[in-house]
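The lines below spell out each chain.
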Amino acid sequence: MLRIDGPRALLLMGMGVLSTACDSSTAPVKPGPPARIEITTGDAQSALAGTAVSQGITVTVRDAKGMLVPNKNVTFSVAAGGGSVTPSSVTTDQQGVAGGVAWTLGTRGGEQRLTATADTVVKSISATIKSSFNLQLRFFGPTMSTEAQTAFTNAANRIKAALVGQLSTVSLQGADLAGCGVAGLTGTLSESTNGVIIYASVASIDGVGKILAQAGPCYVRDQTTLPLVGVMKFDEADIVNYINTGRFESVVLHEMNHVVGFGTIWLDKNLLQGAAYNDTTLTGSMNPRFTGAAAQAQCLLVGGQPTHCGGGTGIAVEQCGGAGTADGHWREVFTSTCTGSNRSPSGGTAAFDTELMTGYVEGSPGMPWSVMSIAQFQDLGYTVNLLAADSYSVPSLMSMARLRAAMDAQGSDAPTEQVLRPRFKVGGGRIQAIRREIQK
């Protein structure tokens, strides 16, 4: 065995110590680029449409070996559902954490999704719109296009975002769907519901340019008159133009409003004064008004003047058009004359103009569903979320009204809607036909 003593041994030992001190294995290891993002807090929350989730969003960034990645920019953006996020960009701390992000959900209902992105790594964060309203959408008739199905589904999501309370449970045992009077809808129900069942179809009605849609409640609760079962059917010959111009989803939402009670149960709830029609007979009134207090208050808040919604008279309701257009919509224009066989408004100044629930479709997709329209459902007896509304302001009285949609694009022969009123009331295990006598 070789043995080294003395100064030479010390020299070699010193060299060994020096070698150990310079060993790169003891140097700090730097993390690599982001390889995954973990959700630390805030996933799978629920909140009302238009409100922020209660817990802030926090994520942790790691590299391919699982090491935390500090000082890395993480971008947060809304991927589905609308809404907003603040702040939109956060730098990870020394623990690889980026947090303090507030997420306000969208107003349109449906899927709510946020993404967190670090370099090329993306992580999805989800949430749901909180609502106890049970809306069951059931398709009948011919298979409809994907675009049409999407429009119905999106409209249903918007309704559920705005109407948030559960309704009373009622048995529909023996309810005959053929009694709703819409061709193609048949069958007998043997179930109960605590919400509203809506049957939807795109099929032939009467060809181009006549009836665009038939919509309304068929079975209602006997105590509250709130709908149980409704139907909405669109003429396949007329919807292509609305799909191609991006307006079909708004038109579907408009008709779905009628199914859940807008304009179709106002008389039954004693919320309509000065009706233009008595059943299908003209009364001579040119100033029907909706008297619900909640809707009137919101009408004023969005800029309505006394002519629109003040002075204790109620909100201006459409006085022109046939039965269903008149008395079932907000007023398009202020006018003293309804002309032609379809009683089109003649001249005048803008009333509620572009709002979704006037009786005339716009020539462009921008038809806001206002807080006034959602508040009207509160007057009917629903629990509502006003934050689900679109931004809307009542137009100035000095704005000259344009006659909308059907009339703008296609003239007096444009397709019209048939607004259907309830036919049966249900309660206590009984189904009774609703009789409407023409008042003398």
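Residues numbered from 1 in each chain as written. Predicted model: local features only at pLDDT ≥ 70, side-chain atom pairs only at ≥ 80, totals over all residues. Heavy atoms only, no water.

## So, the side chain of Ser370
- Its place among the elements puts Ser370 in the loop between strand S26 (349–350) and helix H7 (371–380).
- Separated by 2.7 Å, the side chains of Ser370 and Glu355 make a polar contact.
- Setting aside chain neighbours within four positions, we find Ser370 in contact with Glu355, Ala389, Asp390 and Tyr392. (Helix = DSSP H or I, 4+ residues; strand = E, 2+ residues; numbered from the N terminus. Polar contact = N/O pair within 3.5 Å; in protein donor to acceptor, adjacent residues only side chain to side chain. Contact = heavy atoms within 4.5 Å.)

## A short note on the state of the cysteines
- The tally for this structure, following the rule as stated, stands at 3 disulfides.
- The side chain of Cys180 participates in a disulfide bridge whose partner is Cys218; the two sulfur atoms lie 2.2 Å from each other. Taking the sign of the S-S torsion, -100° for the link of Cys180 and Cys218, the bridge is left-handed. In this pair, Cys180 sits in the loop between strand S12 (175–176) and strand S13 (188–189) while Cys218 sits in strand S16 (residues 211–221), placing the two residues 38 residues apart along the sequence. Taken as a pair, Cys180 and Cys218 share a single burial class, namely buried.
- A sulfur-sulfur separation of 2.2 Å characterises the disulfide bridge that pairs Cys299 with Cys309. Residues Cys299 and Cys309 share a disulfide whose torsion about the S-S bond is about -90°; that sign makes it left-handed. Of the two residues, Cys299 sits in helix H5 (residues 293–301) while Cys309 sits in helix H6 (residues 306–309), which places them 10 residues apart along the sequence.
- Each disulfide in the chain links cysteines that, numbered along the sequence, combine into the pattern 1-2, 3-4, 5-6. (Disulfide = S-S within 2.5 Å. Buried < 20%, exposed > 50% of the residue type's maximum accessible area, 1.4 Å probe, protein only.)

Don't take any of this as a statement about function, it's just geometry.
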